[in-house]
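# Notes for the structure review
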Amino acid sequence: MACAAYSIRGHVKLAAGHGPYALANNHLCGSLKPSVSYSISRSWCNISSTASRHSAHHSHLIVGNSERWRSSLKASPEDGTIGAEGKITVLVIGGGGREHALCFALNRSPSCEAVLCAPGNAGIAQSGDAVCISDLDISNSDAVISFCLKRGVGMVVVGPEVPLVAGLANDLVKAGILTFGPSSEAAALEGSKDFMKKLCYKYNIPTAQYCTFTDPAKAKRYVKDQGAPIVVKADGLAAGKGVVVAMTLDEAFEAIDSMLVDESFGLAGSRIVIEEYLEGEEASFFALVDGENALPLESAQDHKRVGDGDVGPNTGGMGAYSPAPIVTEELKQTIMETIIIPTVKGMAAEGCKFVGVLYAGLMVEKETGLPKLIEYNVRFGDPECQVLMMRLESDLAQVLLSACRGELGKVSLTWSPEIAMVVVMASEGYPGSYKKGTVIKNINKAEQVSPAVKIFHAGTALDGDGNLVAVGGRVLAVTAKGKDIEEARSRAYDVVDVVDWPEGFFRRDIGWRALKQKQTANY
């Protein structure tokens, strides 16, 4: 199964007044970060995503001009980043399940000489998928650059969103180090929901109606006028927890107070976005982007709610599967043409070329069957990355290098036809407070249950006695492949049941939507 890239040079219908764009080869923006203009009331509304939307005052996005770097930053044997046999050393930034999955795929890449991970975690180190550099301060760009130069790192892959928003990719690219991940300016697509919504407004990207507020009283009046259910979101980064789907007005008011008054999310919640409630089925859609070309990945579907039956608060993700039956080839084409390509083109037009992975959280509306953008992330999803990397058969290192060099137009991807499913094991109490340091046993035994299963580690460490312990909310991601959804699901849960961790929990219904759809189709 192969996927080819889409180029933004083709015709894409945008808002009036926006013609073709001349795109540079480098993805860094100027010194100004994306910002937006606000009305005096500090609230801003998009009442209709389909009506005429060309108010210059409200839709203007202010960004710096793209800086043209003299170096093309293409690695070659002469610059020491690629070995004599054309192999490369890759540094993965991060230490969670997503990063473990990336290390796993890179370690299988024929063009990869070595995989390093900073800081990594105990499970990544024990698995042999990467050499963990636990003492490298990834928040210190100078330290990361120095390490890369000393170790001959040919490419850096930035896993989490926080270093991207903070500008790590900017600094690495300035130092001449190929980096997969967007600049801080382009990472505003995830770093500010308000910025993302304004981009959608300006470039006719389908999304929910919304308003942005900093005043709790005005926010509550708006909610009262709109009614419930309604969605309240912290504008900034909140570790996947800054979204409240309020089914009643009281729940919405409580969320507004929590973010704007009680400052439960700090600066991330000092501004909020309130959206209309969309009814339908959610799906995750990923595309690799080199600033000009977008290469779609296989589809996946996440399970955000903490409990079986999709109940309870939102989490970072309790499980996923790939492919998602709801994302048909026709729907994929629609997503690319109406959401991904206009975003890539719009970011370039705003002076912020995007290089990295665009992770679109979508709602496929029940009434129309058409996709709307819920939110963007500027990195691989977790746990979607785990199922995607299990199915990917292409050389990941070569693919990501092509993205860094602006050459995705030459790339196609090959995927396993099998289904992959991941079940997340989390610390009891997550996504609220949870106990750290609980001992996890039988991991080695669990990993021997089936060769079609891989356990990716997120929040694990070793205690003073050498025991594997849980130190995070989401701790293990048990990932399995199978010829169909039933086989992948059975294999994953067989392994989960072998893990001895009384203080952990997991959902028993991962994949229920795909199972239901298959049963309906066979009826």
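Relevant structure appears above.
About the cut-offs
- Residues numbered from 1 in each chain as written.
- Predicted model: local features only at pLDDT ≥ 70, side-chain atom pairs only at ≥ 80, totals over all residues.
- Heavy atoms only, no water.
- Pairing = 2+ DSSP bridges.
- Helix = DSSP H or I, 4+ residues; strand = E, 2+ residues; numbered from the N terminus.
- Contact = heavy atoms within 4.5 Å.
- Axes fitted to C-alpha atoms, helices over the stretch in contact; angles between N-to-C directions.
- Phe/Tyr/Trp six-rings, centres within 6.5 Å; stacked < 30°, edge-to-face > 60°.
- Buried < 20%, exposed > 50% of the residue type's maximum accessible area, 1.4 Å probe, protein only.
- Core = buried A, V, L, I, M, F, W, Y, C linked by side-chain atoms within 4.5 Å.
- Arc of directions from axis to C-beta.
- Polar contact = N/O pair within 3.5 Å; in protein donor to acceptor, adjacent residues only side chain to side chain.

Next up on the list: the sheet that holds strand S7 (residues 112-119). Spatially, S8-S7-S6-S9-S10 is the arrangement adopted by the five strands of the open sheet, whose pairing is parallel. Across the chains shown, the open sheet's two edge strands, defined by having one partner strand only, are strand S8 (131-132) and strand S10 (179-180). Summarising the sheet, strand S9 (residues 155-158) and S10 pair through two bridges and their orientation is parallel. From the neighbouring strand, valine 156 faces S10, where its bridge partner is threonine 179. Helix H4 (residues 141-151) rests against strand S6 (88-94), S7 and S9 of the sheet, and its axis sits at about 160° to S6. Helix H13 (residues 396-404) rests against S6, S7, S9 and S10 of the sheet, and its axis sits at about 95° to S9.

Right, let's talk about the environment of cysteine 352 for a bit. Secondary-structure assignment places cysteine 352 in the loop between helix H11 (329-349) and strand S21 (355-365). Sequence separation of cysteine 352 and alanine 186 is 166 residues, and the distance between their C-alpha atoms is 5.4 Å.

Glancing now at the sheet that holds strand S25 (residues 438-439). Spatially, three strands are ordered S25-S28-S27 in an open sheet, and the strand pairing comes out antiparallel. Each edge of the open sheet carries a strand with a single partner, namely S25 and strand S27 (460-462). Pairing of S25 with strand S28 (residues 468-470) involves two bridges; the strand directions are antiparallel. The partner of threonine 438 across the bridge, within S28, is alanine 470.

This part takes up the packing of aromatic side chains. If you walk through the whole model with that rule in mind, you get five aromatic pairs. For the ring pair phenylalanine 213 and tyrosine 222, a centre distance of 5.4 Å and an interplane angle of 45° mean the geometry is tilted. According to the relative accessible area criterion, phenylalanine 213 is buried, its value standing at 4%. On the basis of relative accessible area, tyrosine 222 is assigned to the buried category, the value being 10%.

Counting buried positions along strand S15 (residues 280-290) yields nine of 11 residues, so the element is predominantly enclosed. For S15 and S21, the ladder comprises 11 bridges, and the chain directions are antiparallel. Following the sheet pairing, glutamate 281 is matched in S21 by valine 364. In terms of strand pairing, S15 meets strand S16 (residues 293-296) through three bridges, oriented antiparallel. When the sheet's bridge partners are listed, alanine 287 is paired in S16 with proline 296. Connecting S15 to the next strand, S16, in antiparallel fashion are two residues, including glycine 291 with a positive phi near 100°.

Counting residues in hydrophobic clusters, the biggest one holds 53 residues, and the most contacted among them are Leu91, Val156, Leu189, Ile340, Leu373 and Tyr376. In terms of residue count, the dominant contributor to this core is H11 (eight residues). In this structure leucine 91 touches Leu116, Cys117, Ala118, Leu136, Val144, Phe147, Cys148, Val153, Met155, Val156 and Val157, once residues within four positions along its chain are discounted. In terms of nonpolar packing, the next biggest core, distinct from the first, is built from 48 residues, Phe104, Leu408, Val422 and Phe456 among them.

Moving on, we come to the side chain of serine 402. Within the secondary structure layout, serine 402 lies in helix H13. With sequence-adjacent residues up to four places away left out, serine 402 is seen in contact with Asp290, Glu407, Leu408 and Val411.

Within H4, the full set of buried residues consists of Ser141, Val144, Ile145, Phe147 and Cys148. Axial view of H4: buried residues confined to an arc of 160°, hence all on one face. For H4, exposure combined with an orientation more than 90 degrees from the buried face picks out Asp142, Leu149 and Lys150. Looking at the buried positions of H4, the neighbouring elements they touch are S6, S7, S9 and helix H6 (168-174). The opening residue of H4, the one whose side-chain oxygen lies 3.0 Å from the backbone nitrogen of aspartate 142, is asparagine 140. Directly after H4, the chain includes glycine 152, whose backbone phi takes a positive value near 65°.

Let us look at helix H8 (residues 193-202). Burial of H8 is extensive: 10 of the 10 residues sit out of reach of the surface. Burial in H8 covers these residues: Lys193, Asp194, Phe195, Met196, Lys197, Lys198, Leu199, Cys200, Tyr201 and Lys202. Asparagine 204 lies just past H8 and shows a positive phi near 55°.

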